[in-house]
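# Report on the structure
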Amino acid sequence: MPVLWYHVRDLDDARRFYLHTLGFEETAVDFVERWSHLKHGEMKLGLAEGEPQEDGAVAHVDVEDLKSEAERLRDAGVSVGIILELQGEMRLLDVYDPDGNRIQLAQEL
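All of these numbers come straight from a predicted model, not from anything done at the bench.

## Remarks on the side chain of arginine 91
Along the polypeptide, arginine 91 turns up in strand S8 (residues 90-96). Classification of arginine 91 by relative accessible area gives buried; the value is 15%. One polar contact links arginine 91 to glutamate 85, side chain to side chain, over a distance of 3.1 Å. Excluding residues within four positions of it along the chain, arginine 91 makes contact with Leu66, Lys67, Ile83, Leu84, Glu85, Leu105, Ala106, Gln107 and Leu109.

## Side note on a negative patch on the surface
Residues Glu42, Asp62, Glu64, Asp65 and Glu108 make up a contiguous surface patch of negative charge. Here aspartate 62 shows up in strand S5 (residues 59-62).

## Notes on the packing of aromatic side chains
According to the stated counting rule, one finds 2 aromatic pairs in the structure shown. Here the aromatic rings of phenylalanine 17 and tyrosine 18 are separated by 5.4 Å at their centres, their planes lie at 85°, and the arrangement is edge-to-face. As far as the burial class goes, phenylalanine 17 and tyrosine 18 line up, both buried. Aromatic side chains tyrosine 18 and phenylalanine 24 sit 5.4 Å apart centroid to centroid with 80° between the ring planes, which places their arrangement in the edge-to-face category. Like tyrosine 18, the residue phenylalanine 24 is buried in the burial classification.

What counts, and at which threshold
- Along each chain, numbering runs from 1 in the same order as the chain's sequence is written.
- pLDDT decides what is reported in this predicted model: residues at 70 or higher carry local features, side-chain atom pairs at 80 or more are listed and counted, and totals for whole chains, interfaces and linings draw on all residues regardless.
- With hydrogens and water stripped out, all remaining heavy atoms of the structure feed into the side-chain values.
- Only DSSP runs of H or I reaching four residues or more are called helices, and only runs of E reaching two or more are called strands; each is numbered from the N terminus.
- Each residue's exposure class comes from its accessible area (1.4 Å probe, protein chains only) as a fraction of the maximum for that residue type: buried when under 20%, exposed when over 50%, partly exposed otherwise.
- We call two N or O atoms a polar contact when they sit within 3.5 Å, provided that within protein one can donate a hydrogen and the other can accept it, with sequence-adjacent residues counted only if both atoms are side-chain atoms.
- The contact criterion used throughout is that any non-hydrogen atoms of two residues lie within 4.5 Å.
- The patches reported here contain residues having more than 30% relative accessible area and no salt bridge. Joining distances are 9 Å for like charges and 5 Å for nonpolar side chains (Val, Leu, Ile, Met, Phe, Trp, Tyr).
- Accessible surface area values rest on a Shrake-Rupley calculation with a 1.4 Å probe, where residue burial reflects the displayed protein chains alone.
- For this analysis, a salt bridge means a side-chain nitrogen from Lys or Arg found within 4 Å of a carboxyl oxygen belonging to Asp or Glu.
- Neither His nor the chain ends contribute to the count of charged residues, in which Lys and Arg are positive and Asp and Glu negative.
- All charge positions are set by atom: Lys at NZ, Arg at CZ, Asp at CG, Glu at CD.
- Ring pairs shown here join Phe, Tyr and Trp side chains whose ring centres sit within 6.5 Å, with only the six-membered ring taken for Trp; geometry is labelled stacked below 30 degrees between planes, edge-to-face above 60, and tilted in between.

So yeah, pure geometry; function would need other evidence.
The following block contains the structure:
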């Protein structure tokens, strides 16, 4: 089961973004009830059609190379923040889906 849910205005658009742009894998989908379960490594995320929530929880996704991932997403037109580095231990980057939901990408150094 997903540990975190995001509301999205259009499930089909959101599924395309998470699957094709961010590289999530879909584990279940219901086109009648309009929800999807996704995973990326250890992160299990649910999408449900509805009005996006501004201050909800944030998905945390581990990536191998944060700098190249940031460049790839920027080139794809994704809303990407600034890379933060925590004293040589970890790099963090906020990425936003088309509905403004925040996903935090992380790379351990």
